[in-house]
Amino acid sequence: MINFQYLRTTTLKSALSLISKDKNAKFLAGGTNLIDLMKRGVTAPEKLIDINHVPLKQIEAIGDKIMIGALASNTAVAEHALVKDKLPLLAMALNAGASAQLRNVATVGGNMMQRTRCGYFYDTEMPCNKRQPGTGCGAIGGFNRMHAIFGTSDQCIAVHPSDMCIALVALDATVVLSSTKGERKVLFKDFHRLAGDNPQLDNNLKSDEMIVRLEIPTNNLHKNSHYLKVRDRASYAFALVSVGAALELSENKIKDVRLAMGGVAHKPWRLTAAENFLKGREATVENFEQAAKLAMIDAKGYGENDFKLQMAPNSIVEALTIAKSKA
């Protein structure tokens, strides 16, 4: 283990002051991803700033939005009556992630910041542009069964691992970021980045900023929503393909719809074209299948993950069908 300095803070002001003074420092909350990365030598921060005692665990409704603090645990959010009632898609996505023990300590902000589980990224003996820019992408032409089919580049085909983030991008969440200069808000769909030419950059958080809360607008999509996660085993496995689907129905006509996918891109993947096709149409399997075809137009396989080109549209149809069937 490489030596590092450990600091604990209890206020947001202190946390922001500390991070603004040291770009090599990292915030420590649940540590469910960061500690793994440190143990494997993937990252070696010189300073850890423990923020677990900063008061950012609120879950409350203010006006037409639900506010969730960055330090609220995944379990607390998933089990909160307000979330289960108004944002069931988020509750389902959280409960599909990791194990109960990890959800108890993992935080909302940490979940957003977790890094890819690509084997080449975690193995410091292998080439990885995300870990060490310029070394190449071992997954391209290598073992890439878990990898992306959307938004890829010749620099990286890793996928974003979060389930929670798929629900949040579908629900049009906003991320509130804070620094010593004040707050700024970023639409959730713009928080994470595609790999492009800079795969080492996972998101648009600045080095002196901290995630403080989410703002999620309430909607009429809560009655008919479903999170489908296709994986190799029933628990504690990352998605091969996942789909967050939510419908607002009037009789059998789709008034509004939200669709997002996980396990398929470097960031949570919103299916805007499929949504636009479905709005105003009947909620039929035929229309679901057509929407799934539209969603797959730009998909590209890399060999071992070619099966996702069929699994993904099938999963979209299944998720929509299950969402529709709910009372």
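Look up a bit, the structure's there.
Reading guide: rules and limits
- Residues numbered from 1 in each chain as written.
- Predicted model: local features only at pLDDT ≥ 70, side-chain atom pairs only at ≥ 80, totals over all residues.
- Heavy atoms only, no water.
- Core = buried A, V, L, I, M, F, W, Y, C linked by side-chain atoms within 4.5 Å.
- Buried < 20%, exposed > 50% of the residue type's maximum accessible area, 1.4 Å probe, protein only.
- Helix = DSSP H or I, 4+ residues; strand = E, 2+ residues; numbered from the N terminus.
- Contact = heavy atoms within 4.5 Å.
- Phe/Tyr/Trp six-rings, centres within 6.5 Å; stacked < 30°, edge-to-face > 60°.
- Salt bridge = Lys/Arg side-chain N within 4 Å of Asp/Glu carboxyl O.
- 1 Å grid on protein atoms, 1.4 Å probe; cavity = no way out; pocket = protein on both sides within 12 Å on 5 of 7 lines; lining within 4 Å.
- Points joined across faces, edges and corners; volume = space filled by probe spheres on them.
- Nonpolar A, V, L, I, M, F, W, Y, C, P; charged D, E, K, R; others polar.
- Expected span 1.5 Å × (residues − 1).
- Pairing = 2+ DSSP bridges.
- Axes fitted to C-alpha atoms, helices over the stretch in contact; angles between N-to-C directions.

**Student:** Could you clarify how one ought to interpret the nonpolar core in this entry?
**Tutor:** The nonpolar side chains of a soluble globular protein tend to be buried, and buried together. Among the nonpolar cores identified, the biggest contains 36 residues, and Ile-68, Val-77, Leu-90, Met-112, Phe-188, Leu-214 and Ile-216 are the most heavily contacted of them. Of all the elements, helix α9 (residues 164-170) adds the most residues to this core, at seven residues. With sequence-adjacent residues up to four places away left out, Leu-214 is seen in contact with Ile-66, Met-67, Ile-68, Val-108, Met-112, Leu-168, Thr-174, Val-175 and Phe-188. In terms of nonpolar packing, the next biggest core, distinct from the first, is built from 29 residues, Val-243, Leu-247, Ile-254 and Ala-312 among them.

**Student:** I'm lost on the packing of aromatic side chains in this one. Help?
**Tutor:** For any pair of aromatic rings, the description consists of the separation of the ring centres together with the inter-plane angle of the planes. Enumeration according to the criterion identifies two aromatic pairs in this entry. Ring centres 5.7 Å apart and planes at 85° place the aromatic pair Phe-121 and Tyr-122 in the edge-to-face group. Of the two residues, Phe-121 and Tyr-122, both sit in the buried class. Ring plane angle 10° and centroid distance 5.2 Å describe the contact between Phe-150 and Trp-269, whose orientation is recorded as stacked. With Phe-150 in the loop between α8 (119-122) and α9 and Trp-269 in strand β12 (residues 269-270), this residue pair connects regions lying 119 residues apart in the sequence. The exposure class assigned to Phe-150 is buried, which follows from its relative accessible area of 1%.

**Student:** Got a minute to help me understand the pattern of salt bridges in this structure?
**Tutor:** A side chain of one charge can pair with a side chain of the opposite charge if their charged atoms are brought near each other. In the structure shown here, the tally under the stated rule is 19 salt bridges. Between Lys-47 and Asp-22 there is a salt bridge whose closest N-O contact spans 3.4 Å. Residue Lys-47 is located in strand β3 (residues 47-50), and its partner Asp-22 is located in the loop between α1 (12-21) and β2 (25-28); the two are separated by 25 residues in the primary sequence. Just as Lys-47 is buried, Asp-22 falls in that class too. Among the salt bridges present, the one from Arg-258 reaches Asp-256, with a minimum N-O distance of 3.5 Å.

**Student:** I would appreciate a short explanation of the layout of surface pockets in the present structure.
**Tutor:** In this approach a probe as big as a water molecule rolls over the atoms, and the regions it shows empty are the leftover space. Counted as a void, the second largest pocket has a volume near 170 Å³. Lining the second largest pocket, in full, are Phe-150, Gly-151, Trp-269, Arg-270, Leu-271, Thr-272, Ala-273, Ala-274, Leu-294, Ala-295, Ile-297 and Asp-298. Listed by contribution, the elements that provide at least two residues to the lining of the second largest pocket are β12, α11 (272-278) and α12 (285-295). Examining the composition of the lining of the second largest pocket, we find that three residues originate from one element, α11, more than from any other. Its residues placed into classes, the lining of the second largest pocket shows eight nonpolar, two polar and two charged.

**Student:** Just checking my understanding: could you explain helix α13 (residues 308-325) for this structure?
**Tutor:** An α-helix turns once per 3.6 residues; consequently, residues spaced three or four apart project the same way. Spanning 18 residues, α13 covers 25 Å between terminal C-alpha atoms, matching the ideal 26 Å at 1.5 Å per step. All of the buried residues in α13 are Lys-308, Ala-312, Pro-313, Ser-315, Ile-316, Val-317, Ala-319, Leu-320 and Ala-323. For α13, the elements touching its buried residues are β9 (224-230), β10 (241-250), β11 (253-262), α11 and α12.

**Student:** Just checking my understanding: could you explain the side chain of Asn-287 for this structure?
**Tutor:** Along the chain, Asn-287 falls in helix α12. Judged by its relative accessible area of 16%, Asn-287 is buried. Among all residues touching Asn-287, those that are not within four sequence positions of it are Phe-277, Leu-278, Arg-281 and Glu-282.

**Student:** What is the right way to read the sheet that holds β10 from this model?
**Tutor:** Whenever strands of a sheet pair, they do so through backbone hydrogen bonds, lying parallel or antiparallel. The strand order across the open sheet formed by four strands is β9-β10-β11-β12, and the pairing between neighbours is antiparallel. The two strands at the open ends of the sheet, each matched to only one other strand, are β9 and β12. Note: β10 against β11, nine bridges, orientation antiparallel. Residue pairing in the sheet places Leu-249 in a bridge with Ile-254 of β11. Where helix α5 (residues 88-95) meets the sheet, it contacts β9 and β10, and its direction lies at approximately 20° from that of β9.

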